[in-house]
Structures are given as structure tokens and as C-alpha cells.
Amino acid sequence: MSAAQRAQEWLLSDGLRVLATIAIALVARWALHRVVGRTVARMTERSTQRAGETDAEGNLLKTTTGLSGERHRARVQTVGSLLRSVGTFVIGIVAGLTVMGLIGLPLGPLLASAGVGGVAIGFGAQSLVKDFLSGIFMIFEDQYGVGDVVDTGEAIGTIEEVTLRITRLRDVDGVVWYVRNGEIVRIGNRSQGYGAAWVELPVSYREDISRVLGVVRGVCETFAADPEWEPKLIEPPTVLGVDSITGQTVTIKVLAKCLAGEQFAVQRELRARAKEAFDAEGIQGPPLPPFAPGTQP
């Protein structure tokens, strides 16, 4: 039998199997990409429901969690690209081994070497695999994104970059923290849902509490009606009443639900307005502590 005849016979037998294997691998890769695209899109759309959630009083939870199209597209592209890459790699490996078996290459030594190498790499890269898996779940579950203010346990700051291995954030002092995803045990996202602005207003024990509460309620109503601040509030500030009595000081507590990240500005503005209202109504603050003998006020 000539070489041409042997080649023709191989093409009609094992050659067809090789071509069929390659064709099946390409079809499987195409189907995988389609399924991954649709699945990831459905999973990321679930978080958009948060924008329509309401609290116990039926108020819409306006959020700054990045539920915009840009963030969704970024998540879809990241997760989809990862799954497509992993799927393509697995399909390629299986197809390659099948083709090698069809053309008669010995797979035993190759698989044995790969197994030993895989065990060695697995022991040396446990933390790396842990970081990658944690990063995948963080992206899938939309725990946080770029621009969110989070508490990772190790550091508190604004997210600047999220990768599969590390999360980079910058704290209020400007320090950049690189936190491995696998080391994050719990995460507190201060940019999701709403913010709670707690304001404590101390006044003198001798003041008429009913009168003080009326002034504070007036401040809150005026503040909630201000066009500059109304869009930042979830609901008008609530005067909770007397929070504590210590010595000659009575503390009035106010709660204002606002957009996430706006609570500190709301606190400062409410304190400033309460100070102006107290001065206008002649409401005295708590008495100053006595000075030690020989000191100057």
C-alpha cells in the first residue's frame, strides 16, 4: 500500500474523527458562549430590582449603588469574559487530548506529568485560587463596585479598582490599600441602600423641652422643603425626642434617611440650622464645664 493510499485511508477513518472532534469542540464553544451571555445577563439584572424596593414605611429606596447601565455592562463583560475563557480552555484541553488519542500519541506519560505538576501548583497556589474564587463571587453578587465606600475590616475607603485577585481602595487619608479578595471575611458597603444621618443636639437642662422639640421640628421641616436638600433625602428628618440626660445637658436626637454617602453633609447642615434656630429663639446650650483653679477661660 502506497503512502497516498495510507493517508487516504487515515483521512477516511481517524481523520474524519479528528475533524468531527474539532467541529464538536467549536460548536460546544459557540453554545457555551451563548449560554454564558444569557445567564450572566439574567443574574446581573436581579440587582436592578433594588432600585424599586421600599422600606418599612413604603418609601422608595433611592440608591447610589451604581445600578446604571455602565456598571451592569462592566459586570457582564467581566464575568462573561471570565466564564468564556475558562470554558474555552476546558473545551480546548478535552478536544486536544481526544485528538492526540486519535492520532496515536501516548497520553499516559503526559497525563501523569500533568497530574504531578497540577498537584505541585495546587499546593503552591492555594491562596491565589482562593482569591480568584472570592473575586468571582464578589463580581457575581455585586457586593461592591468602583466608587463605593466600603469597610473591608482591614480598611475603610472608596473602591478604585476591583479585579479577580485584589480590591484596591483609598481611605480618607489618601492611603491606597490593596486587599486580597480571599482575605475579605466580611464587607460593609456604605454606598448601597440609604444613609442614616444621626444628629445629636445638646441643650441646657433648664430649657423647656416641649419648646425645644418644636423648634427642632421646625428646622427639620424647613430643611426637608429646601430645593437644594430635598432630592438628597429619602424622607423628611424625624425628631426622635430626648435621647439622654447627663448632668446639666439634655440631648435631642434626630434621624434623617438620605441617599448613601450624603449623610455627613446632611448632619453638618442640620447642626448648622439648629444652631441658628437656637440662637434666634434664645435656647441655651449646655453649661460650660468649670475651669480648674489657676487656669484662664
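Treat the numbers as computed from the prediction; the structure is a model and nothing was measured. (Residues numbered from 1 in each chain as written. Predicted model: local features only at pLDDT ≥ 70, side-chain atom pairs only at ≥ 80, totals over all residues. Heavy atoms only, no water.)

Enquirer: Lay out the overall build of the protein with the relevant residues and their values.
Expert: Looking only at helices and strands, the protein features 6 helices and 8 strands. A total of 297 residues make up the protein; the buried ones form 31% of that total. (Helix = DSSP H or I, 4+ residues; strand = E, 2+ residues; numbered from the N terminus. Buried < 20%, exposed > 50% of the residue type's maximum accessible area, 1.4 Å probe, protein only.)

Enquirer: Can you lay out the nonpolar core for me, pointing to particular residues and giving the numbers?
Expert: One finds Leu201, Val216, Val254, Val266 and Phe278 to be the most contacted residues of the largest nonpolar core, which totals 26 residues. Mapped onto this core, the elements with two or more residues apiece are strand S6 (194-204), helix H5 (209-225), strand S8 (249-259) and helix H6 (263-281). In terms of residues, this core owes the most to one element, H5, which gives 8 residues. Residues contacting Phe278, with those up to four places away along its chain left out, are Leu201, Val203, Val212, Val215, Val216 and Ile283. (Core = buried A, V, L, I, M, F, W, Y, C linked by side-chain atoms within 4.5 Å. Contact = heavy atoms within 4.5 Å.)

Enquirer: Quick rundown of the pairing of strand S3 (residues 166-170)? Include the residues and the values.
Expert: As paired elements, strand S2 (residues 156-162) and S3 share 4 bridges and run antiparallel to each other. Within the sheet, the bridge partner assigned to Glu161 lies in S3 and is Arg168. With antiparallel pairing between neighbouring strands as the criterion, S2 and S3 make up a hairpin whose turn holds 3 residues. Here S3 pairs with strand S4 (residues 176-180) via 5 bridges, running antiparallel. Note that in S4 the partner of Arg168 across the bridge is Tyr178. Remark: 5 residues form the turn of the hairpin made by S3 and S4, two consecutive strands paired antiparallel; Gly174 in that turn has positive phi of roughly 85°. (Pairing = 2+ DSSP bridges.)

Enquirer: With reference to specific residues and values, describe the sheet that holds S8.
Expert: Strand pairing in a sheet relies on backbone hydrogen bonds. The paired strands run either parallel or antiparallel. Across the sheet, which stays open at both edges, the 3 strands sit in the order S6-S8-S7 with antiparallel pairing between neighbours. Looking at which strands have only one partner, the edges of the open sheet turn out to be S6 and strand S7 (238-246). With strand direction ignored, the average angle separating the axes of adjacent strands in the sheet is 25°. Sheet analysis places S6 next to S8, joined by 11 bridges and oriented antiparallel. In the strand pairing of S8, Ser204 is matched with Thr249. Sheet strands in contact with H6 are S6 and S8, and its direction is about 25° off that of S6. (Axes fitted to C-alpha atoms, helices over the stretch in contact; angles between N-to-C directions.)

Enquirer: Go over the packing of aromatic side chains, please, and point to the residues and values.
Expert: Counted according to the given criterion, the structure contains 1 aromatic pair. Between Lys232 and the ring centre of Trp229, over which it is positioned, the NZ or CZ distance is 4.7 Å. (Phe/Tyr/Trp six-rings, centres within 6.5 Å; stacked < 30°, edge-to-face > 60°. Lys NZ or Arg CZ within 6 Å of the ring centre and 35° of its normal.)

Enquirer: Tell me what's going on with the environment of Ala196, and back it up with residues and numbers.
Expert: Its location among the elements puts Ala196 in strand S6. Since its relative accessible area comes to 31%, Ala196 is described here as partly exposed. Note: C-alpha distance between Ala196 and Val266 (70 residues apart in sequence) is 9.4 Å. In this structure, Ala196 is in contact with Leu255, Ala256, Gln263 and Gln267, ignoring residues within four places of it in sequence.

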